[in-house]
Amino acid sequence: MKRESFAIGNVRVRPGSTKNTELPITRLVTGAEVSLPIRVVHGKQDGPVVWVNAAIHGDEVVGVEVIREVLASLSPKEFRGTLIAVPVVNVHGFLAGDRYLPDRRDLNRSFPGSARGSLAGRIAHLFLQEVVAKCEVGIDLHTASDRRTNLPQVRADLDDARTRELATAFAAPAMMHSEIRDGSLRHVAGERGARVLLVESGAPLRLDGWAIEPCVVGVRRVLAGMGMIDPFEDEPPTPSIECRGSGWVRARRTGILRLDAHLGQHVALGERLGALYDSFGKTLRAVYADRDGIIVGHTEAPLVNSGDALVHIATIV
């Protein structure tokens with residue numbers, strides 16, 4: 001029996017085809033319309049419905065490139081199921097290179113939103129109604145926040161068997177059991193029955209190959225694991241390092257930071273990670289690991305104040 005077309009917004013996508021569409025959000029003060037860009041890959045054969053999104057924070061460009069490369073690898077005639085790709089959720093922030101919306105709201109703290117709420121609330125509501133409500137699995141792509149960088153990692157509810165299976169399939173260098181934050185996409189989508197992987201990789205406003213490639217392959221692994229595309233790797237991937245709990249090593253003096261540690265490095269309690277110097281090169285304070293674990297993130301700011309977060313260490317299970 002022929003598969004039915006897929007409805008989203010005011011368009012329908014025929015089986016075995018790909019279609020770009022836009023969901024209207026609002027208008028700029030110039031009168032130009034701002035819309036949510038979407039591409040639907042509607043396979044010829046039945047299968048799961050999955051979404052992948054990026055740039056909920058407007059300065060997180062890594063995921064936009066990840067989605068571009070994933071889409072370039074897919075053939076709708078061979079695809080099984082349906083993929084909804086939303087490369088830029090926070091369109092206003094993306095155009096401005098800004099993490100937030102014009103009213104300084106964090107879109108990822110604004111779900112479920114409301115059709116008559118703030119701009120953030122309206123975008124959140126639209127995304128839930130037109131994308132999340134149609135899907136059983138979502139992949140939410142992020143980077144670190146301002147002047148930080150992250151090891152490619154999956155953050156998810158690893159105590160849920162199905163979510164753990166998806167995170168394992170992604171096979172990022174690390175996967176972290178992560179508590180859910182109120183108002184986040186992962187929180188609200190989970191309440192509606194979807195399994196969500198939140199992926200962190202790289203730094204804002206940068207397109208680093210080391211941050212992009214593991215995510216492109218990871219998304220494709222999830223699709224393959226769900227039977228939506230054929231397996232594409234000859235050998236099993238290196239399993240993720242599982243982590244539970246993490247914390248930031250903070251500066252205990254104000255100074256110029258010189259980090260000797262790097263992302264993915266395994267460290268031991270008390271291990272030297274770098275030091276803080278004054279402008280003449282005098283050592284003010286060494287920086288030491290406060291636990292055993294793996295470095296999953298660190299600051300990229302050379303000038304730090306006492307109390308600033310320097311190195312993010314996750315505890316390995």
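What counts and how
- Residues numbered from 1 in each chain as written.
- Predicted model: local features only at pLDDT ≥ 70, side-chain atom pairs only at ≥ 80, totals over all residues.
- Heavy atoms only, no water.
- Core = buried A, V, L, I, M, F, W, Y, C linked by side-chain atoms within 4.5 Å.
- Buried < 20%, exposed > 50% of the residue type's maximum accessible area, 1.4 Å probe, protein only.
- Helix = DSSP H or I, 4+ residues; strand = E, 2+ residues; numbered from the N terminus.
- Contact = heavy atoms within 4.5 Å.
- Phe/Tyr/Trp six-rings, centres within 6.5 Å; stacked < 30°, edge-to-face > 60°.
- Lys NZ or Arg CZ within 6 Å of the ring centre and 35° of its normal.
- Pairing = 2+ DSSP bridges.
- Polar contact = N/O pair within 3.5 Å; in protein donor to acceptor, adjacent residues only side chain to side chain.
- Salt bridge = Lys/Arg side-chain N within 4 Å of Asp/Glu carboxyl O.

Topic: the nonpolar core
Part 1 of the reasoning: Membership of the largest hydrophobic core comes to 74 residues, with the highest contact counts inside it found for Trp51, Phe127 and Phe170.
Part 2 of the reasoning: Top element by residues in this core is helix H6 (residues 209–225). It accounts for eight residues.
Part 3 of the reasoning: Once you skip the residues sitting within four places of it in the chain, Phe170 turns out to touch Ile139, Val154, Leu197, Val199, Pro214, Cys215, Gly218, Val219, Arg221 and Val222.
Part 4 of the reasoning: Counting residues in each nonpolar core, the second largest holds 22 residues, with Leu276, Val296, Val304 and Val311 among its members.

Considering the packing of aromatic side chains
Part 1 of the reasoning: Overall, the coordinates contain two aromatic pairs when judged by the stated rule.
Part 2 of the reasoning: With centroids separated by 6.2 Å and ring planes inclined at 85°, the aromatic side chains of Trp51 and Phe127 adopt a geometry described as edge-to-face. Remark: Phe127 occurs in helix H3 (residues 119–130) and Trp51 occurs in strand E5 (residues 45–53); sequence separation between them is 76 residues.
Part 3 of the reasoning: With a relative accessible area of 0%, Phe127 lands in the buried category.
Part 4 of the reasoning: Both rings, one in Phe111 and one in Phe127, keep their centres 6.5 Å apart while their planes meet at 75°; by these two values the pair is edge-to-face. Taken together, the residues span a long stretch of sequence, with Phe111 in the loop between helix H2 (91–96) and H3 and Phe127 in helix H3 at a distance of 16 residues.
Part 5 of the reasoning: Given the relative accessible area of 6%, Phe111 is considered buried.
Part 6 of the reasoning: Aromatic ring contacts, followed pair by pair, group Trp51, Phe111 and Phe127 into a single cluster.
Part 7 of the reasoning: We note Arg148 situated over the ring of Trp248; from NZ or CZ to the ring centre the distance is 4.4 Å.
Part 8 of the reasoning: A cation over a ring is seen here: Arg220 above Phe232, with NZ or CZ 4.1 Å from the ring centre.

Side note on the sheet that holds strand E15 (residues 283–288)
Across a sheet, paired strands are connected by hydrogen bonds in the backbone, their directions being either parallel or antiparallel.
Part 1 of the reasoning: In space, the four strands of this open sheet follow the order E15-E14-E12-E17, with antiparallel pairing throughout. A strand with exactly one partner marks an edge of an open sheet, and here the two such strands are E15 and strand E17 (303–304).
Part 2 of the reasoning: Here strand E12 (residues 255–259) runs beside strand E14 (residues 272–277); their pairing, made up of four bridges, is antiparallel. Following the sheet pairing, Arg258 is matched in E14 by Ala275.

Observations concerning the side chain of Ser201
Part 1 of the reasoning: Of note, Ser201 is situated in strand E10 (residues 195–202).
Part 2 of the reasoning: Within polar-contact distance, the side chain of Ser201 engages the backbone oxygen of Ala211 at 2.7 Å.
Part 3 of the reasoning: Not counting chain neighbours up to four residues away, the residues in contact with Ser201 comprise Val62, His142, Thr143, Asn150, Leu151, Pro152, Ala211 and Cys215.

Structural notes on the environment of Val137
Part 1 of the reasoning: Within the fold, Val137 resides in strand E7 (residues 137–142).
Part 2 of the reasoning: For Val137, a relative accessible area of 2% puts it in the buried group.
Part 3 of the reasoning: Excluding residues within four positions of it along the chain, Val137 makes contact with Val49, Val50, Trp51, Leu166, Arg195 and Met226.

Digging into the pattern of salt bridges
Part 1 of the reasoning: If you walk through the whole model with that rule in mind, you get 20 salt bridges.
Part 2 of the reasoning: The salt bridge partner of Asp230 is Arg80, with a shortest N-O separation of 2.9 Å. Residue Asp230 is located in the loop between H6 and strand E11 (241–250), and its partner Arg80 is located in strand E6 (residues 80–86); the two are separated by 150 residues in the primary sequence.
Part 3 of the reasoning: Between Asp103 and Arg105 there is a salt bridge, and its shortest N-O distance comes to 3.2 Å.
Part 4 of the reasoning: Residue Asp103 is classed as partly exposed on the basis of its relative accessible area, which comes to 38%.
Part 5 of the reasoning: Three or more residues joined by partner-sharing salt bridges are found here, namely Asp159, Arg164, Glu242 and Arg244.

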